[in-house]
Amino acid sequence: MSKPRTITPKPSDIYFFATCVVDQFFPGAGMDAITLLENQGIRVHFPEEQTCCGQPAYTSGFPDEARKVAALQLTLFPQDWPVVVPSGSCAGMMKHHYPTLFADDPVRKAQAEALSGRIYELTDFLVNVLDFKPEDHGQDCTVVLHTSCSARREMGVHLTGRKLIGDLAKVTLAQQDHESECCGFGGTFSVKQPEISAAMVEDKLKSLKATGAERVVSADCGCLMNILGHAAWKDKQEGRATPSLPGEHIASFLLRRTAQ
Amino acid sequence: MSARDRILAKLKAAPLLPKAEPDVAAWFAGHRPVESNDQKVERFRRCIELAHAEVHAVTPANWLAKLREVLASKQIDRLLVAEGTPHGAAALDTLPVQGVECSTYDMPIEAWKTEMFTATPASLTAARAAIAETGTLILWPDADEPRLMSLVPPVHIVLLDRTRLYNTFFEAMQTEGWKDGLPTNSLLVSGPSKTADIQQTLAYGAHGPKELVVLLLGDEQ
Amino acid sequence: MNAQPIHFKPTEGFRARSKAVVDNPFLRQSFRGAMDFLMSKRAAQFPDSEELESLRLLGEQIRQYNLGKLPELLVRLEENLTRNGVQVHWAETPDEANAIILGICQKHSAKLMVKGKSMVSEEIELNHAAEAAGIGALESDMGEYIVQLAHEKPSHIIMPAIHKTKEEIARLFAENVPGVEYTDNVDALIQIGRNVLRQKFLEADIGLSGVNFAVAETGTLCLVENEGNGRMCTTAPPVHIAITGIEKIVEKLEHVPPLLSLLTRSATGQNISTYFNMISSPRKPGEKDGPAEVHLVLLDNGRSQAYADEQLRKTLQCIRCGACMNHCPVYTRIGGHAYGTTYPGPIGKIISPHMLGLDATANMATASSLCGACGEVCPVRIPIPELLIRLREESASAPHANPSMRGQGAGHDGLTSAIWRAWAAVYSSPALYRTVSWLGSRLRGLTPRRQAGWTSVRTPIQPAPKRLRDMIKERN
């Protein structure tokens, strides 16, 4: 579990590592995260050569393939700026697994370790580096927050998303049962063990819906893809035209709430 | 090559990866309070009562009367005692004339196993000491108070000297130098026998004593 | 004597078995309730997270320190136990262990063996071997007794009958215990079990138990339990046989209190178990009870394979508390039997491949979302998710010489490897990635409606019309 970090002087520039999921499937979330950061007076750099952190191969047992992809990302952040990632899972990969992935390659290992210290999950960066206190301009609403397992257990940043939502004056954060339980995504797990994964996402959706919240927000698009994909499937099965539980990335939610 | 040699050979072929010895004493010093005897008694009592044991404060003058009262309240008229111990001898002197039949563990179990299992409703033993942290009795069964005495009878009554309390299990073993020699069997007992194996429902008296009674012996009540 | 439990099912049917449980709302609810109960009991024991984390760290250090000296400690344990009068036996395989135990039984012309809870005896399928040799092996832990009556295997290492309701147990008793009428009163059911088993403790020729910690410096076997059946098995019959894996050893007695505290608090949320039983010798002259003979069987069964590798060795730190399964969202959905192995849940996934080979257990490591709940609660800090990833790698990689695991490469298939190689080629090349991801967004209309596994309960995944990089370009 990570300890609360000391707030460093607010950086003028950061790198944004979008993740492949955001780039290809949730670009709006990425754009909103960038805008949110820029609104704090920060220059956001998006290295165009970025692809994927390598986690899918890594967790599937293909470390060589993961290393090949990770090696590219290692070269993309030459300046000593923070690297902000809108996903606890990808941030966890870069922060905690890159150094071990390159354990046998002294040069890259040193690069990985240096990079590791600069990796920030988005909500952690907003709260603990920027001391961002969102000013709420929205209407009363109730939301429920899903925190990814990587954010919670690997990055230890499960409290930052809650704090950001807690700072929004007109937003009520609903309490769900089994909050810390996995949504059942787990990358290739959802394909290799579809029955168990389906049972997990069913239960997760039920818990989220049982709160009566209007929407679910999360700082991880992998979980959102799973939860919202199941919610949409269920809506379709049950003949609902409008989503029974819409959801979005926390960056999009925060940006909208803070818009004047 | 024997299985022993094969196993050891495989283990020895592996890298040892030696690690520094952990400082167990430092952990306990930093994380467990050292309490006064009264505090330890209080903590011990709270914990063991939570585990469903019955505790009575007694004095050297009244413990036998309390023992008889406990037996009477449970309608027990037969008690297994250890004649070679002072408390067993005292019970033998006093209880039979008051209508409680006392049997003794005076021969090897093989000679009376069936009687032990079927006709011994209660037993009295002493505890060597106790542990406040977890509400635990330390028993060292011996020739006078053999192992089954604290296990087979459905009611087990234990005499505990209230000055013999340790803060922790660690403190007990360190203070008494257990590493230099342990008896055939030593036991920590923290309540009556229990199980939650059926639908997580707690039930007492699974295989050992259904009831555990502690007579906490001190100069004052 | 009742028929003995069936052999372990091969792990091939894992998906079918897990689906059967997942599709049963009653079982789903029952496992969820049981796991919620155990999780809240554990949480109540650790109100202070600093204390918990420092104790876990100490537990990890103790286990790693002792594993670091394992060969030396085993020899010392043997010396000290032998000096105390305990007979020590070594078994490399389950067959050897069974032969040793049955040999002792036969020497004593034993007809009935009462068993305290021992997962290692399950691991070697002792009940089966005993039955084949004409020796009755009766489980005496209430949960194990129930499971044996039902001709099943334990579905949890601490709560063997956690998959059964009291009504099922009531029926089981009414049908199998002579003279017993149906009752679903739990106290009454426990009394029925108590009465049956007391008679067996009285009659048994052999008592068998597991071991929680074996202390090298004193030559002591430690057993943790609540019911008292472990004490019965190790005290009432004339012969006591203990069986343990070679890893359950600590050098010093002082290593025991932290591990005991971690074990009982993590397992069942108790600050201590009802009994902690320390056995250092058989009955001595002048003593009036206790077995005349005590034996210890030290079992390898693949543990030395895990030991040989620095990372895999961490598997052996385990003290068998079961907290990983109590907190596992997969175990909670499918229960213990679906795994088809002696040890279910996260610990089962990482230990079973060493016992049975990766070929027999290849798909177990994939049955995890890597959520990390197991590693978070493990009292000795075994990095279970990391080990699962390692096992996936050992399984997926092409078979090679001198593998560190039996069955390495069992899950290897050329197509999957080729797909990952192609994936790596695309994602390690900015130009290729740009092209492929651009094509993905252009051709999003061609996204398949059915996507293996995913679309059974979800809408298809479809690339967005514009990538983030396109949106950034447009904005600038």
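Reading guide: rules and limits
Residues numbered from 1 in each chain as written. Chains lettered and ligands numbered in written order. Predicted model: local features only at pLDDT ≥ 70, side-chain atom pairs only at ≥ 80, totals over all residues. Helix = DSSP H or I, 4+ residues; strand = E, 2+ residues; numbered from the N terminus. Rg over C-alpha atoms; globule rule 2.2 N^0.38 Å. Contact = placed C-beta atoms within 7 Å. Buried ≥ 20, exposed ≤ 12 C-beta atoms within 10 Å, placed from the backbone. Pairing = 2+ DSSP bridges. Core = buried A, V, L, I, M, F, W, Y, C linked by C-beta atoms within 7 Å. Domains from an automatic or database assignment. Nonpolar A, V, L, I, M, F, W, Y, C, P; charged D, E, K, R; others polar. Axes fitted to C-alpha atoms, helices over the stretch in contact; angles between N-to-C directions. Right-handed = clockwise from strand over helix to strand, strands pointing away. pLDDT = per-residue confidence, 0-100. Expected span 1.5 Å × (residues − 1). Parallel < 35°, antiparallel > 145°, perpendicular 65-115°, else oblique. Left-handed = near helix turned anticlockwise from the far one by under 90°.

Digging into the overall build of chain A
Counting its secondary structure elements, chain A contains 13 helices and eight strands. Computed over its C-alpha atoms, the radius of gyration of chain A comes to 18 Å, within 12% of the 18 Å expected for a compact globule of 260 residues. Referenced to the eigenvectors of the C-alpha coordinate spread, the extents of chain A come out at roughly 55 × 45 × 30 Å. Look at the contacts in chain A between residues 6 or more apart in sequence, and 78% of them connect residues 24 or more apart.

Some points on the overall build of chain C
In terms of regular secondary structure, chain C is built from 22 helices and 10 strands. Here chain C has a C-alpha radius of gyration of 25 Å; the compact-globule value for 476 residues is 23 Å, and the two agree. Taking the principal axes of the C-alpha coordinates as reference, chain C spans close to 95 × 55 × 45 Å. Per-residue burial for chain C yields a buried fraction of 60% across its 476 residues.

Comments concerning the interface of chain B and chain C
Taken together, the contact between chain B and chain C spans 65 residues of the former and 73 residues of the latter. Sorting the residues of the side of chain B that touches chain C by element identifies α1 (3–13), α2 (24–31), α6 (113–118), α7 (169–175), β9 (185–189) and β10 (194–195) of chain B as the ones contributing at least two each. The biggest single contributor to the side of chain B that touches chain C is α1 of chain B, with eight residues. By the bridge criterion, five bridges tie β9 of chain B to strand β9 (residues 275–279) of chain C in an arrangement that is antiparallel. Bridge pairing links V189 of chain B to Y275 of chain C in β9 of chain C.

Concerning the environment of E42 of chain B
Along the chain, E42 of chain B turns up in helix α3 (residues 37–50). E42 of chain B sits 90 residues away from A132 of chain B along the chain, and the two C-alpha atoms are 8.0 Å apart.

A few points about the environment of A132 of chain B
Residue and element names in this part refer to chain B. Topologically, A132 is positioned in the loop between β5 (129–131) and β6 (136–139). Sequence separation between A132 and P183 is 51 residues; the distance between their C-alpha atoms is 22 Å. Excluding its chain neighbours within four sequence positions, the residues that come into contact with A132 are E35, K40, R43, F44, L165, Y166 and N167.

Here's the deal with unusual backbone geometry
All names here are of chain B. Its identity is not glycine, yet Q199 carries a phi of approximately 50°, on the positive side. Within the secondary structure, Q199 sits in the loop between β10 and β11 (203–204). Judged by the 21 C-beta atoms lying within 10 Å of it, Q199 falls in the buried class. Phi at Q200 is positive, roughly 55°, even though this residue is not glycine. Inspection of the secondary structure puts Q200 in the loop between β10 and β11.

Here we look at the nonpolar core
Grouped together as the largest cluster of nonpolar side chains are 289 residues, with contacts concentrated most on V85 of chain A, V158, L160 and L215 of chain B together with M113 and V297 of chain C. Sort the elements by how many residues they give to this core and helix α12 (residues 221–237) of chain A lands first, with eight residues. Two domains each put at least three residues into this core: domain 1 (11–304) and domain 2 (426–475) of chain C. Ignoring any residue separated from it by four or fewer positions in sequence, one finds V297 of chain C in contact with H89, A91, A97, I100, I101, I241 and I243 of chain C.

Observations concerning the domain arrangement of chain C
Assigned domains of chain C: these are domain 1 (11–304) and domain 2 (426–475). Relative placement of domain 1 of chain C and domain 2 of chain C: their C-alpha centres are 53 Å apart.

So, the interface of chain C and chain A
Each side of the interface is counted separately: chain C has 48 residues, and chain A has 53 residues. Secondary-structure elements contributing two or more residues to the side of chain C that touches chain A are α1 (14–22), α15 (329–334), α19 (384–396), α20 (414–427), α21 (430–442) and α22 (468–475) of chain C. Its residues placed into classes, the side of chain C that touches chain A shows 24 nonpolar, 13 polar and 11 charged.

Thoughts on the sheet that holds strand β1 (residues 13–16) of chain A
All names here are of chain A. Read across the open sheet, the four strands follow the order β2-β1-β3-β4; overall the sheet is parallel. Pairing within the sheet leaves two strands with one partner each, and these edge strands are β2 (43–45) and β4 (119–121). Along the sheet, successive strands turn relative to each other by an average axial angle of 35°, direction set aside. For β1 and strand β3 (residues 83–85), the ladder comprises two bridges, and the chain directions are parallel.

Notes on the pairing of strand β3 (residues 101–104) of chain B
Residues and elements named next belong to chain B. As paired strands, strand β2 (residues 78–81) and β3 are joined by four bridges and run parallel to one another. When the sheet's bridge partners are listed, L80 is paired in β3 with S103. In this fold, β2 hands off to helix α5 (residues 86–94), which returns the chain to β3; that crossover is right-handed.

Thoughts on the confidence of the model for chain C
Residue and element names in this part refer to chain C. Overall, the prediction assigns chain C a mean pLDDT of 95, with 98% of residues at 70 or greater. Note that pLDDT drops below 50 for residues 1–7; the model gives that stretch 16 contacts with residues more than four away or on any other chain. Prediction confidence for the complex, expressed as pTM and ipTM, is 0.96 and 0.98 respectively.

So, α19 of chain C
Three or four residues apart is the spacing at which side chains of an α-helix point the same way, because the helix has 3.6 residues per turn. All names here are of chain C. For α19, which comprises 13 residues, the first-to-last C-alpha distance of 18 Å matches the rise-based estimate of 18 Å (1.5 Å per residue) to within 8%. Burial analysis of α19 places 12 of its 13 residues in the buried class, the great majority of the element. What α19 keeps buried is the set I384, P385, L387, L388, I389, R390, L391, R392, E393, E394, S395 and A396.

What about the sheet that holds strand β5 (residues 141–146) of chain A?
Residues and elements named next belong to chain A. If you trace the four strands from one edge of the open sheet to the other, you get β6-β5-β7-β8, paired in parallel fashion. Pairing within the sheet leaves two strands with one partner each, and these edge strands are β6 (171–173) and β8 (247–249). Ignoring which end each strand starts from, the neighbouring axes of this sheet average 35° apart. Of the strand pairs in this sheet, β5 and strand β7 (residues 215–218) are connected by four bridges, and their pairing is parallel. Counted as the bridge partner of H146 is S218 from β7. Sheet strands in contact with α12 are β5, β7 and β8, and its direction is about 170° off that of β8.

A few points about the pairing of strand β2 (residues 112–115) of chain C
Residue and element names in this part refer to chain C. Of the strand pairs in this sheet, β2 and strand β3 (residues 136–139) are connected by four bridges, and their pairing is parallel. The partner of V114 across the bridge, within β3, is L138. Across three bridges, β2 lies against strand β4 (residues 206–209) in parallel orientation. When the bridges of β4 are listed, V114 appears paired with G207.

Topic: the environment of V114 of chain C
All names here are of chain C. Relative to the helices and strands, V114 is located in strand β2. Put simply, V114 and I389 are 275 residues apart on the chain and 40 Å apart in space, counted from C-alpha to C-alpha. Not counting residues within four places of it along the chain, the set of residues in contact with V114 comprises L138, S140, K200, F201, A204, G207, C233 and P237.

Structural notes on helix α13 (residues 250–258) of chain A
Residue and element names in this part refer to chain A. Along α13, seven of the nine residues are buried, which leaves the element largely enclosed by surrounding structure. All buried positions along α13 are accounted for by I250, A251, S252, F253, L254, L255 and R257. Elements that come into contact with the buried residues of α13 comprise α2 (27–38), α7 (122–129), α9 (158–166), β6, β7 and β8.

Quick notes on the packing of helix α11 (residues 194–210) of chain A against α1 of chain C
Packing of α11 of chain A against α1 of chain C leaves a shortest axis separation of 9 Å and a crossing angle of 25°. In terms of orientation, α11 of chain A lies roughly parallel with respect to α1 of chain C. Where α11 of chain A crosses over α1 of chain C, the handedness of that crossing is left-handed. Across the interface between the two elements, E195, I196 and A199 of chain A from α11 of chain A touch R15, S18, K19 and V22 of chain C from α1 of chain C. Class assignment of the residues belonging to the contact of α11 of chain A with α1 of chain C gives a composition of three nonpolar, one polar and three charged.

Some points on the packing of helix α3 (residues 49–68) of chain C against helix α12 (residues 256–267) of chain C
Helix-helix packing: each pair is described by the crossing angle between the helix axes and the interaxial distance. All names here are of chain C. Packing of α3 against α12 brings their axes to within 10 Å, and their N-to-C directions diverge by 120°. Taken together, α3 and α12 sit at an angle that is classed as oblique. Every pair of crossing elements has a handedness; the one defined by α3 and α12 is left-handed. Taking contact as the criterion, the partners of L55, L58, G59 and I62 in α3 are, on α12, P258, L259, S261 and L262. Considering only residue class, the contact of α3 with α12 consists of six nonpolar, two polar and no charged.

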